[in-house]
Amino acid sequence: DTGTCGSIERITAYYLVCPKIIQGLLTLPEIPLPRAGSLTPITRDAVCAANSRPLQQVSLERSAFADGRCVSNASCECEPGYRNIPVSGSTEERCEACPAGTYRSASNPSTSCLHCRANTIVTAVAAPICACSEGFYRTRAEGADNNCTSPPTACTNLMADSTSTIVVITWSRPEIIGRPDYFYVVEVSDPERVCAFNVHNSSYVDTRSQPNYTVSPLVPHTSYVIRVNVHNGVSDQDPDGHLRICEVEVMTLEGVPGPPTNVRGLCTVVVWQPPEQPNGVITGYDIQFFRGSQSGDPIPKGSNELFHVIVNSNIPPGTSEDVTVRVRAKNSRSSGIWSPRVAAGTFCDFPDTAPPRVTALTFDSTS
């Protein structure tokens, strides 16, 4: 039919889109699909709900492809201190602040708030962690989901038993250990430095019986202060560390004296100096003379006598003209080590008796 008039009443234009979707805490925006045949997707940013954040550092994006695919790996979680609350009648969720006295940490995989742990401070709303109460701590490796624990108290009943070079100490476990990772540090005073202590052991623990430790080697007849310091995983954060120390003062017993020094025979007299290591209080000396291989009986001397006048009666009989002598010190424990033998005289004419009185004089370097 030619010449007939017609009219277009309506033209409908449309395009394909990835529709807007709300999934939990994530809002995926509407995105138009690229034109047919396009290899480049159209990308838009997705949005996390209020007080939430992207999960696991993933890209918060949504992409639309020409073949109709709508792709997103985005996901959201509530910020620490908030919990997930479903919105009634929809797939939407929102983040609600944890009530006072509860918390939700960043490491908590649960979407719920938890009650504050033991020995913590009741917090305000939206708490990511409950702070420790005064005197309680967490280790640097522990987080909000760990209890707060206390440092230990000092040990008790510290006792010491000594010999001349060894001290054995025993003590009782502290009344409060705070946590199972406790240990002891044993410190011993340095007799050569005032207020100085040497650490003897830093990892001794015995929870099955009464703890004990052996300190050695020590100097005989010397006063020591021995400390036992109790530690656990949080004691390094405690400003009152001195309250965890128990100590005992002990004197080691006398030991065997060392040999006298600088022993010299001057034909008719023997002189010497005290031992460098007396290992106690010197109570006297013994002197013993030899003629060749023949030995005489030890002759006792007082603690302040550092010389002896040789007389014929001291010398054992024999034909040898070589006379030697040795000296040893004594204390309340025992006789000490003999000094090396030195010559007392060769072809010396020893008197039959000692002089009636011998006076020792001292002179300074300017005399």
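Heads up: the structure comes first, above all this text.
As the structure is a computational prediction, the values presented were derived from the model and not from experiment.

Caption draft 1: Highlighting the overall build of the chain. A tally of helices and strands in the chain yields zero helices and 29 strands. Taking contacts inside the chain between residues at least 6 apart in sequence as the whole, the part at least 24 apart equals 55%.

Caption draft 2: Here's a closer look at the sheet that holds strand β5 (residues 42-45). Strand order in the open sheet made by the three strands is β5-β8-β9, with antiparallel pairing throughout. The sheet is open, and its two edges are formed by β5 and β9 (70-71), each paired on a single side. Relative to strand β8 (residues 61-64), β5 runs antiparallel, the two being bridged by four bridges. Looking at the pairing, D45 lines up with E61 of β8.

Caption draft 3: Geometry of the packing of aromatic side chains. By the definition in use, this model includes three aromatic pairs. With 5.9 Å between their ring centres and 90 degrees between their planes, Y182 and Y184 make a pair best called edge-to-face. In this structure Y182 comes out as buried when scored by relative accessible area, which is 4%. Each member of the aromatic cluster is reached from another via a ring pair, and the members are W171, Y182 and Y184. Sitting above the plane of the W338 ring, R326 keeps its charged end 4.2 Å from the centroid. In this arrangement the basic side chain of R341 is found over the ring face of F290, its NZ or CZ atom lying 3.8 Å from the centre.

Caption draft 4: The nonpolar core, seen in detail. Residues L158, I169, W171, V186, V215, I226 and V228 are the most contacted members of the largest nonpolar core, which totals 20 residues. At the level of elements, β16 (167-172), β17 (183-189), β19 (212-215), β20 (223-231) and β21 (245-251) are the ones that each hand at least two residues to this core. Considering each element in turn, this core owes the most residues, four residues, to β20. Membership of the second largest hydrophobic core comes to 15 residues, among which are I282, I287, F289 and I299.

Caption draft 5: Representation of the pattern of salt bridges in the model. Counted under the stated rule, the structure contains 13 salt bridges. Across the salt bridge formed by R53 and E79, the nearest N and O atoms sit 3.8 Å from each other. Here R53 is found in strand β7 (residues 52-54), whereas its partner E79 is found in the loop between β10 (76-78) and β11 (82-86), with 26 residues between them in sequence. Classification of R53 as partly exposed rests on a relative accessible area of 26%. The closest approach of N and O atoms between E96 and R83, which form a salt bridge, is 2.8 Å. Taken as a pair, E96 in strand β12 (residues 93-97) and R83 in strand β11 lie far apart in primary sequence, 13 residues in all. Overall, the relative accessible area of 24% leaves E96 in the partly exposed class. With a relative accessible area of 25%, R83 lands in the partly exposed category. Taken together, the shared-partner salt bridges connect R53, E77 and E79 into one network.

Caption draft 6: Inspection of the state of the cysteines at higher detail. For the structure on display, the rule yields seven disulfides. A sulfur-sulfur separation of 2.1 Å characterises the disulfide bridge that pairs C78 with C95. Because the sign of the S-S torsion sets the handedness, a value of about -95 degrees for the bond joining C78 and C95 places this disulfide among the left-handed ones. One end of the pair, C78, is in strand β10; the other, C95, is in strand β12, with 17 residues separating them in the sequence. Two residues share a disulfide in this structure: C155 and C246, whose sulfurs sit 1.8 Å from each other. Pair noted here: C155 is in the loop between β14 (114-115) and β15 (156-162) and C246 is in strand β21, with a separation of 91 residues, a long-range link. An identical accessibility class is assigned to C155 and C246; each is buried.

Caption draft 7: Layout of the sheet that holds β16. Read from one edge to the other, the open sheet built from three strands follows the order β15-β16-β19, with strand pairing classed as antiparallel. Each edge of the open sheet carries a strand with a single partner, namely β15 and β19. Going across the sheet, the axis of each strand differs from the next one's by a mean of 20 degrees, ignoring polarity. Where β16 and β19 come together, four bridges link them in antiparallel fashion. The residue bridging I169 from the neighbouring strand is Y213, located in β19.

Cut-offs applied
- Residues numbered from 1 in each chain as written.
- Predicted model: local features only at pLDDT ≥ 70, side-chain atom pairs only at ≥ 80, totals over all residues.
- Heavy atoms only, no water.
- Helix = DSSP H or I, 4+ residues; strand = E, 2+ residues; numbered from the N terminus.
- Contact = heavy atoms within 4.5 Å.
- Pairing = 2+ DSSP bridges.
- Phe/Tyr/Trp six-rings, centres within 6.5 Å; stacked < 30°, edge-to-face > 60°.
- Buried < 20%, exposed > 50% of the residue type's maximum accessible area, 1.4 Å probe, protein only.
- Lys NZ or Arg CZ within 6 Å of the ring centre and 35° of its normal.
- Core = buried A, V, L, I, M, F, W, Y, C linked by side-chain atoms within 4.5 Å.
- Salt bridge = Lys/Arg side-chain N within 4 Å of Asp/Glu carboxyl O.
- Disulfide = S-S within 2.5 Å.
- Axes fitted to C-alpha atoms, helices over the stretch in contact; angles between N-to-C directions.

From the geometry alone we can't say anything about function, so treat these as descriptive.
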